[in-house]
Number of protein chains: 4
Amino acid sequence: MNEQQNSLIKNFPTVPKQVRSQHKKHALFESGQILFSEKGYDHTTTKDIASHAGVSIGSFYRYFEDKRQLLLAIIDERIEQMMPPVVNWTDHRDPEEDLANRLQQHYSTLISSGFYKLLPELISKDRELENIIRVAKNRLQDHMLKQLEQLRDEGMTWEDIDLDTVSWCIINLLEHLTEKVEEGGSIHYEEIAKLICRMIYPPDILNKLEESDG
Amino acid sequence: MNEQQNSLIKNFPTVPKQVRSQHKKHALFESGQILFSEKGYDHTTTKDIASHAGVSIGSFYRYFEDKRQLLLAIIDERIEQMMPPVVNWTDHRDPEEDLANRLQQHYSTLISSGFYKLLPELISKDRELENIIRVAKNRLQDHMLKQLEQLRDEGMTWEDIDLDTVSWCIINLLEHLTEKVEEGGSIHYEEIAKLICRMIYPPDILNKLEESDG
Amino acid sequence: MNEQQNSLIKNFPTVPKQVRSQHKKHALFESGQILFSEKGYDHTTTKDIASHAGVSIGSFYRYFEDKRQLLLAIIDERIEQMMPPVVNWTDHRDPEEDLANRLQQHYSTLISSGFYKLLPELISKDRELENIIRVAKNRLQDHMLKQLEQLRDEGMTWEDIDLDTVSWCIINLLEHLTEKVEEGGSIHYEEIAKLICRMIYPPDILNKLEESDG
Amino acid sequence: MNEQQNSLIKNFPTVPKQVRSQHKKHALFESGQILFSEKGYDHTTTKDIASHAGVSIGSFYRYFEDKRQLLLAIIDERIEQMMPPVVNWTDHRDPEEDLANRLQQHYSTLISSGFYKLLPELISKDRELENIIRVAKNRLQDHMLKQLEQLRDEGMTWEDIDLDTVSWCIINLLEHLTEKVEEGGSIHYEEIAKLICRMIYPPDILNKLEESDG
DNA sequence: CATGAATGAGCCTTCATTCAT
DNA sequence: AATGAATGAAGGCTCATTCAT
């Protein structure tokens, strides 16, 4: 972004190659993301991407080994963002409100990118990609599981729940929240948050948390 | 129809034409299902399917108008089965146990078919198919919503929940239960059932139901 | 048609095979003619023909070696009919009226069969067929040439015409008369006849012929 | 456009891209014309055309949308040339000689292209093409009809002829003149011209025209 | 003899990738 | 570095012909 801002004079006549180069690569990256999301990976041609990015096919292959590598690069950058938001369950603040806020924040950008639609198509086709996603998901679930375990140790959760199952359920709900929009439904983040909290906390604990927070 | 039902022994050596024909169509159907599930729709060629079914390409086109029609036929047959199981929430029996049983029953067959993996890829590509699925899903959600409304009218649910959100969450969990297996996890149906029940019933109600049932 | 009308009793239970066989062959022949005319040779499938004739594909290949042989059989039967009508120029009757009548008679059936449309498509594809047609055409032209030569020897034609060219022109006009109908025009046979006669006879001869006839 | 027009020598070894591209498109065009003419449209494969033009199938589709578009392009370019030559009947010069010259000129190039053989096959299969040809033909006939009407108004034609029929006959003869060569006959343009003139002019008028011209 | 299911060569077309300019 | 023309493997689908029943 701010490369060579200090020496504008010097390189005025020729825009630095590296910058132009990065612009092109970025354009291809963006175009790939948009088109893959819109039309799916298979139905997006390299020509589509190059045209959309305003570069030649030859340039496409200069910056990315092949179509699949562009996909992997995109996934790699988006994978964290794609993942449901990590919630800090252990700060003992009003968990419902906190969760609702995070959900709101997260999905408003994710949905507009439309990229989440791409993953399902790919998972069954690309073993490597499947692993990338699985790894990211596992990392997330581990993280959530640890938090829930801590909560339980503090005696704040239902006593008879299987935390593994709970964390899986929560992640799943969050993961597919995007589909609700696709299906034409609007999302009530507070209601989702309420439900999730009820899976975790018994009513008395929940009441206490909410009171102490307010 | 009435083909020699009386003399099964007699015509054993020669399989009747219609039967063989049905076998072939069924083989193509099965092969389509398996290959679509394994490799995705686009990456399964008509040749693949024909080979897998042990017939020629020409035969494929004798039994199915084209590749897409095979897909639609498969979807059509599986769509009900794909849908999460409808649970009768209103019979006032122990809901946790009941739900767990139904889940067990349903997913053991569904998962082995592996077919559920196919849907996501298709939804964004085939408007007609998207509608078929959406319609089936809506029907299911309506059904569930009605049951939940009845439960609430009977004063058995949390008072402050949005039933629409609850039903969506439940359906979503059930819908993606299959993935848990893919991801290598084993499913504890009782735990899932427990969580779902907690979304719906307040603890006191739940306790009462379980006692009265036992 | 009237085969075995005399012995209805005898062959009542089993329609003689040869008759049924001939019926089938004839049906295929007819269907071939109709469909080839309507859709062209290439775009008519053997299945089309068999269905239209109400027989199975297998039967098709029982009665005709292959699709091409059916075509050749049809052409062979129709080729004389396809050819422009042979006119007797030498009987010294009113040639205009005579020709007009013959044209009328000939084309009314030919056009309705629609078969003439088929020839052009085939000529460039099938050397053997091309020869069949060429031979028939040459025979016709020879015939016409001989008549014209006789007429000239009798001093009835223009003295300075090349009879070969005249006969070619006449045959060509007659050959493509069918197209005029296709193009939406109605045919005035008398006018065509008048033109043709003027190519052959000088006005004074023509007048004499018409007078003597009337 | 302005590519080094000044230094033709300099860039001799490297054929400019656009020129090579045009060469290729032209080669495909030519090959299409030749092969369509020789084997008919349906029996010419895209591979045939590409091979004959010395390019790959992929290149075919770079230059032409599909096989049919190549055909349409060819027709479009040839349609005027395919049409029988327009003759100016009204300039009161020796019409026989004039017509003979024009015919000679026209058919010597048209016949060598062999393309005229293609039209009949297509007309019954391609509605759009049929219209293109019909329109061109109608335009021609209208033109000829107008000229003949003017001639008649000047009292130069037979009084009792139907001009519509005459113009149709003339166009038809001219249209199929090419076939005469195919059939092995040589064309005597003067004889054809003579016949046509006799269809139009009564002998006395014709004599006068020829004298006045000479 | 009749049937029509089965076969597979071959067609048109697409698109990822290469490479001469 | 940039371009985009060129390539050809591969896919969906058709249909003449064969052959088991």
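Residues numbered from 1 in each chain as written. Chains lettered and ligands numbered in written order. Predicted model: local features only at pLDDT ≥ 70, side-chain atom pairs only at ≥ 80, totals over all residues.

J.: Hey, could you run me through the overall build of chain A in this one?
T.: When you go through chain A residue by residue, the secondary structure sums to 11 helices and 0 strands. Going from the N terminus to the C terminus, chain A shows its helices and strands as α-α-α-α-α-α-α-α-α-α-α. Of the contacts made within chain A by residues no fewer than 6 positions apart, 66% connect residues no fewer than 24 positions apart. (Helix = DSSP H or I, 4+ residues; strand = E, 2+ residues; numbered from the N terminus. Contact = placed C-beta atoms within 7 Å.)

J.: Before we go on, may I ask you to explain the protein's contact with DNA strand E in this structure?
T.: Around DNA strand E, the structure places 37 residues, and the nearest of them are Asp66(A), Ser56(B), Gly58(B), Gly58(C) and Thr45(D). Looking at the surface near DNA strand E, the elements with two or more residues in it are helix 2 (46–53) and helix 3 (57–63) of chain A, helix 1 (17–39) and helix 3 (57–63) of chain B, helix 1 (17–39) and helix 3 (57–63) of chain C together with helix 2 (46–53) and helix 3 (57–63) of chain D. Here the residues of the surface near DNA strand E sort into 8 nonpolar, 15 polar and 14 charged. (Near = placed C-beta within 6 Å. Nonpolar A, V, L, I, M, F, W, Y, C, P; charged D, E, K, R; others polar.)

J.: What should I look at first to understand the UniProt feature "domain: HTH tetR-type" (unreviewed entry) in chain A in this one?
T.: Per the UniProt record, "domain: HTH tetR-type" (unreviewed entry) is found at residues 22–82 of chain A. Between the end C-alpha atoms of residues 22–82 of chain A there is a gap of 24 Å, over a span that is 80% helix and 0% strand. (UniProt positions renumbered as here; feature names shortened; annotations may be inferred.)

J.: Got a minute to help me understand the relation of the copies chain D and chain C in this structure?
T.: Note that the two copies of the chain are related through a rotation about an axis and a translation along the same axis. The transformation that overlays chain D on chain C combines an axial shift of 0.2 Å with a rotation of 177 degrees, and the residual RMSD is 0.6 Å. As the rotation angle and translation indicate, the two copies are arranged about a two-fold axis. Across chain D, the rotation axis passes nearest the C-alpha of Glu121(D), at a separation of 2.3 Å. (Least-squares fit on C-alpha atoms with pLDDT ≥ 70 in both.)

J.: Just to check I follow, could you spell out the environment of Tyr201(D) for this structure?
T.: All names here are of chain D. Inspection of the secondary structure assignment puts tyrosine 201 in the loop between helix 10 (189–200) and helix 11 (203–213). For the pair formed by tyrosine 201 and tryptophan 158, sequence separation is 43 residues and the distance between their alpha carbons is 5.8 Å. Residues within four places of tyrosine 201 in sequence aside, it is in contact with Met156, Thr157 and Leu206.

J.: Hey, could you run me through the protein's contact with DNA strand F in this one?
T.: With respect to spatial proximity, 36 residues lie near DNA strand F, and among them Gly58(A), Thr45(B), Asp66(C), Ser56(D) and Gly58(D) are the closest. Only helix 1 (17–39) and helix 3 of chain A, helix 2 (46–53) and helix 3 of chain B, helix 2 (46–53) and helix 3 of chain C together with helix 1 (17–39) and helix 3 of chain D provide two or more residues apiece to the surface near DNA strand F. Grouping the amino acids of the surface near DNA strand F by side-chain chemistry returns 8 nonpolar, 15 polar and 13 charged.

J.: Sorry if this is basic, but what is going on with the interface of chain A and chain B here?
T.: Taken together, the contact between chain A and chain B spans 29 residues of the former and 30 residues of the latter. When contributions to the side of chain A that touches chain B are tallied by element, the ones reaching two or more residues are helix 6 (118–123), helix 8 (163–175) and helix 10 (189–200) of chain A. For the side of chain A that touches chain B, the per-class residue count stands at 10 nonpolar, 8 polar and 11 charged.

J.: Before we go on, may I ask you to explain the relation of the copies chain A and chain B in this structure?
T.: Overlaying chain A on chain B yields an RMSD of 0.6 Å, the required transformation being a rotation through 177 degrees with an accompanying axial translation of 0.3 Å. Looking at chain A, 100% of its interface residues are interface residues in chain B too, so the copies touch through the same face.

J.: Before we go on, may I ask you to explain the interface of chain D and chain C in this structure?
T.: Interface size is often expressed as the accessible area that is lost when the parts come together. In this assembly, 30 residues from chain D lie in contact with 29 residues from chain C. When contributions to the side of chain D that touches chain C are tallied by element, the ones reaching two or more residues are helix 6 (118–123), helix 8 (163–175) and helix 10 of chain D. Residue classes in the side of chain D that touches chain C are distributed as 10 nonpolar, 8 polar and 12 charged.

J.: I keep staring at the UniProt feature "DNA-binding region" (unreviewed entry) in chain A and nothing clicks. Help me out?
T.: Residues annotated by UniProt as "DNA-binding region" (unreviewed entry) correspond here to residues 45–64 of chain A. End C-alpha atoms of residues 45–64 of chain A are separated by 14 Å, and the span's content is 75% helix alongside 0% strand.

J.: What is the right way to read the packing of helix 4 (residues 67–82) of chain C against helix 7 (residues 127–153) of chain C from this model?
T.: If you want to describe how two helices pack, look at the angle between their axes and the distance between the axes. Residues and elements named next belong to chain C. Orientation of helix 4 relative to helix 7, taken along the N-to-C sense of each, is 5 degrees, at an axis distance of 11 Å. Between helix 4 and helix 7, the crossing angle belongs to the class labelled roughly parallel. Contacts between helix 4 and helix 7 involve Leu72, Ile75 and Ile79 from the first element and Leu129, Ile132, Ile133 and Ala136 from the second. Among the residues forming the contact of helix 4 with helix 7, the class breakdown is 7 nonpolar, no polar and no charged. (Axes fitted to C-alpha atoms, helices over the stretch in contact; angles between N-to-C directions. Parallel < 35°, antiparallel > 145°, perpendicular 65-115°, else oblique.)

J.: Would you take a moment to explain the domain arrangement of chain A for this structure?
T.: You can read the domains of chain A as domain 1 (5–64) and domain 2 (78–213). The residue inventory of the side of domain 1 of chain A that touches domain 2 of chain A, partitioned by class, reads 2 nonpolar, 3 polar and 1 charged. (Domains from an automatic or database assignment.)

J.: What is the right way to read the packing of helix 10 of chain A against helix 10 (residues 189–200) of chain B from this model?
T.: The geometry of helix 10 of chain A relative to helix 10 of chain B is characterised by a closest axis approach of 9 Å and an angle of 125 degrees between their N-to-C directions. Judged by the angle between their axes, helix 10 of chain A and helix 10 of chain B are oblique. Remark: the crossing between helix 10 of chain A and helix 10 of chain B carries right-handed chirality. In this structure, helix 10 of chain A uses Leu195(A), Arg198(A) and Met199(A) to contact helix 10 of chain B, whose residues at the interface are Leu195(B), Arg198(B) and Met199(B). Each residue belonging to the contact of helix 10 of chain A with helix 10 of chain B can be placed in one class, and the counts come to 4 nonpolar, no polar and 2 charged. (Left-handed = near helix turned anticlockwise from the far one by under 90°.)

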